[in-house]
Amino acid sequence: MKKEVIKSSLGILLIIIFFILSSYLIKNNIYNINSYFNYGFIGVIIYLIIIILSIVVAPISAIPFIPVASNLWGWRTTALLSILGWTIGAMIAFTLARKYGIDLVKNLIDLKKIQKLEKLIPEENIFLTIVLLRMVTPVDGVSYFFGLFSKVPFKKFTLATIIGITPFSFIIAYLGTVPFSYQILVFSIMFIVLFSGLVTAYYIKKRKNKIMNII
């Protein structure tokens, strides 16, 4: 199996582990969290900034912060804030890549990471591809990839992003409030599905390249 798939899977696994650890610490220190970290509107702004930066300044991940927000403001509010932050971040990253190109993007994210995505992302059905990618994880170099190497229009990209991250945002925000046994179960299923999708996308791309070489 190729290193790209393994590294991507390990990265996602680490994010899941940090999420569960964060949730555990929050649930066992909820009084202190409410006393020291619940800054009302200012806290909301700080959370939004963290979410936006998680997209623009990859590979920062804001997912471990979600249990904190869910226990402070409720999972529904956290989900809506996450949708807003991730959408704004994706729009900024896409615009920066489309307008300024590689010269700017290379200062914000490792270009090798973006180039590796080319081996996993199919060229057909771009809208559906964006939706599916956002459903499994909104935090990555995907926005920069589509801004640099695709011709997908800005509005189409934004719509696909919103559709994709909405179910993910509500699920992940709700998971921040449930018992650890449920978190482990759901994350295990999500990881298996994502891993299978990465492997499938890789072999589809590999098979297509072989066919093109034969032709």
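The structure under discussion appears in the preceding block.
Residues numbered from 1 in each chain as written. Predicted model: local features only at pLDDT ≥ 70, side-chain atom pairs only at ≥ 80, totals over all residues. Heavy atoms only, no water.

Topic: the overall build of the chain
Next, step 1: Across its full length, the chain carries 11 helices and 0 strands.
Next, step 2: Helices and strands in the chain line up, N terminus first, as α-α-α-α-α-α-α-α-α-α-α.
Next, step 3: Summed over its atoms, the accessible surface of the chain is roughly 12000 Å², and 71% of this surface lies on carbon and sulfur atoms. (Helix = DSSP H or I, 4+ residues; strand = E, 2+ residues; numbered from the N terminus. Areas by Shrake-Rupley, 256 points an atom, 1.4 Å probe, with all protein chains shown as cover.)

A closer look at a nonpolar patch on the surface
Next, step 1: On the surface, a nonpolar cluster with roughly 460 Å² of combined accessible area is contributed by Leu13, Leu14, Ile17, Phe18 and Leu21.
Next, step 2: In this structure, Leu14 sits in helix 1 (residues 3–28).
Next, step 3: Its relative accessible area of 49% is what places Leu14 among the partly exposed residues. (Patch = residues over 30% accessible without salt bridge, like charges linked within 9 Å, V, L, I, M, F, W, Y side chains within 5 Å. Salt bridge = Lys/Arg side-chain N within 4 Å of Asp/Glu carboxyl O. Buried < 20%, exposed > 50% of the residue type's maximum accessible area, 1.4 Å probe, protein only.)

Details of the nonpolar core
Next, step 1: One finds Phe19, Ile66, Trp86, Tyr144, Phe146 and Ile172 to be the most contacted residues of the largest nonpolar core, which totals 42 residues.
Next, step 2: Considering each element in turn, this core owes the most residues, 8 residues, to helix 5 (residues 75–100). (Core = buried A, V, L, I, M, F, W, Y, C linked by side-chain atoms within 4.5 Å.)

With respect to the packing of aromatic side chains
Next, step 1: The final tally for this structure, using the stated rule, is 9 aromatic pairs.
Next, step 2: Geometrically, the ring pair formed by Phe145 and Phe146 is edge-to-face, given 5.3 Å between the ring centres and 85° between the ring planes. Judged on exposure class, the residue Phe145 and its partner Phe146 are both buried.
Next, step 3: Ring plane angle 45° and centroid distance 6.4 Å describe the contact between Phe146 and Phe157, whose orientation is recorded as tilted. Placement of Phe146 in helix 9 (residues 142–149) and of Phe157 in helix 10 (residues 154–175) is noted, with a sequence separation of 11 residues between them.
Next, step 4: Relative accessible area serves as the criterion here: at 0%, Phe146 is assigned to the buried category. (Phe/Tyr/Trp six-rings, centres within 6.5 Å; stacked < 30°, edge-to-face > 60°.)

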